[in-house]
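Notes for the structure review
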Amino acid sequence: MRFEFLASRQVKVKTLLKEHDISRGLLAKIKYKGGNILVNGIEQNAIYLLQAGDLVTVDIPDEPAFEKLEAIKHPLTIVYEDDHFLALNKPHGFASIPSVNHSNTMANFVKAYYLEQGYPNQQIHIVTRLDRDTSGLMLLAKHGYAHARLDKQLQARSIEKRYYALVAGPSDLPDYGEIIAPIGRSEDSIITRRVVADGKYARTTYQVVARYPKGVHLVDIRLQTGRTHQIRVHFAHIGFPLLGDDLYGGRLDLGITRQALHCHSLSFYNPFTKSISRHTNKLTDDFDSVIIDLKKGVNKV
């Protein structure tokens, strides 16, 4: 894949490329795995001294697939795709990446899609993961350089993800709220997290979208930090666990048996098109079914 950069001052090639998020590791890959660096059409090395107005062309070698990742054909709901990024609507029930417990994952499905499309870059770069039972929008980079260019946005929390959740508690939540509570591992589990005094700083903001019978609220949530299980832990901490979330005390009697969490909005700055890429989707059928039953007063017990 070819990219071009214009020098605005006297500077070494490697310095200019670093300013465009090409790391030392990627430079090594370009040097040793079939890439190339050209300055005004002539091959040069990374320490070549550029002058203002010089055009640097970088050919980044293609990325072969990881052999150990099995390609599994499965329908994908693609909401956005260009040469650099892929945004999907993930159904609940599928993990993002393989693990000891999960082998039928979104990464397997995307690999099959890449092979089917004959894309030159075959490695899977997941930018925003979702838990197995969380549904909604997830973002992938289609090559390592695209992933690297989003790393700074991830670190700066400038990739905005918003979630809908159905939560239930003994009272009414305020229309708007902020939960600031540190999160750490539970002492008796490697999976669960809890609010602990010596945990990592965690901040969640929310707005109540709708109120239903039985103390159920539909909330629109934005993560200000990115701790494991943050939404689930924070809402359980304030006495409003997510419906279906048996790990954190959520109700299982209202027609949904997975954590009622859905990523409905995703936005990021696309550095290749130099524009904001915004994507939204609707609530899932199981959310809608619970809401309809609550409005009708249906008891699932």
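Below or above, wherever it landed, is the structure these notes cover.

Reading guide: rules and limits
- Residues numbered from 1 in each chain as written.
- Predicted model: local features only at pLDDT ≥ 70, side-chain atom pairs only at ≥ 80, totals over all residues.
- Heavy atoms only, no water.
- Buried < 20%, exposed > 50% of the residue type's maximum accessible area, 1.4 Å probe, protein only.
- Helix = DSSP H or I, 4+ residues; strand = E, 2+ residues; numbered from the N terminus.
- Pairing = 2+ DSSP bridges.
- Salt bridge = Lys/Arg side-chain N within 4 Å of Asp/Glu carboxyl O.
- Contact = heavy atoms within 4.5 Å.
- Polar contact = N/O pair within 3.5 Å; in protein donor to acceptor, adjacent residues only side chain to side chain.
- Core = buried A, V, L, I, M, F, W, Y, C linked by side-chain atoms within 4.5 Å.

1. Regarding the pairing of strand β16 (residues 216-223)
- Buried residues dominate β16, accounting for seven of its eight residues.
- Across eight bridges, strand β15 (residues 203-212) lies against β16 in antiparallel orientation. Each residue of the ladder has a partner; that of Ala210, found in β16, is Leu218.
- Connecting the antiparallel pair β15 and β16 is a turn made up of three residues, with Lys214 showing a positive phi of about 65°.

2. Some remarks on the sheet that holds strand β3 (residues 36-39)
- Judged by pairing direction, the sheet is antiparallel, and its four strands sit side by side in the order β1-β6-β3-β4 without closing on themselves. One side of each edge strand has no neighbouring strand; the edge strands of this open sheet are β1 (2-6) and β4 (42-43).
- Pairing of β3 with strand β6 (residues 55-59), which is carried by four bridges, proceeds in the antiparallel orientation. Of the residues in β6, the one forming a bridge with Val39 is Val56.

3. Some words on the pattern of salt bridges
- Counted by the stated rule, this structure contains 18 salt bridges.
- Asp59 serves as the salt-bridge partner of Arg2, at 2.7 Å between the closest nitrogen and oxygen. One end of the pair, Arg2, is in strand β1; the other, Asp59, is in strand β6, with 57 residues separating them in the sequence.
- Across the pair Lys152 and Asp21 runs a salt bridge, and its minimum N-O distance is 3.0 Å.

4. Description of the environment of Tyr248
- Mapped onto the elements of the fold, Tyr248 is located in the loop between α5 (230-237) and β17 (261-270).
- On the basis of relative accessible area, Tyr248 is assigned to the buried category, the value being 13%.
- With residues near it in sequence (within four places) discarded, Tyr248 still touches Ile191, Thr192, Arg193, His229, Arg232, Val233, Ala236 and Pro241.
- Polar side-chain contacts of Tyr248 include one of 2.9 Å to the backbone nitrogen of Arg193.

5. Thoughts on the nonpolar core
- The biggest cluster of nonpolar side chains holds 43 residues, and the ones touching the most others in it are Val219 and Phe235.
- Top element by residues in this core is helix α3 (residues 106-117). It accounts for six residues.
- When residues no more than four places from it in sequence are discounted, the contact partners of Val219 are Tyr163, Tyr164, Ala165, Val167, Leu173, Tyr206, Gln207, Val208, Val209 and Phe235.
- By size, the runner-up hydrophobic cluster in this structure holds 18 residues, among which are Leu26, Ile30, Val39 and Leu50.

6. A look at the environment of Leu69
- As for its position among the elements, Leu69 is in the loop between β6 and β7 (78-81).
- Residue Leu69 is classed as buried on the basis of its relative accessible area of 15%.
- Separated by 228 residues in sequence, Leu69 and Gly297 have C-alpha atoms that sit 47 Å apart.
- If sequence neighbours within four positions are ignored, Leu69 has contacts with Pro98, Ala107, Asn108, Lys111 and Ile124.

7. Thoughts on unusual backbone geometry
- For His229, which is not glycine, the phi torsion reads 60° and is therefore positive.
- You can see His229 is positioned in the loop between β16 and α5.
- We note that Lys274 has phi near 55°; this positive angle belongs to a residue other than glycine.
- Along the chain, the position of Lys274 falls in the loop between β17 and β18 (275-280).
- Look at Lys274 and you get exposed, because its relative accessible area is 64%.

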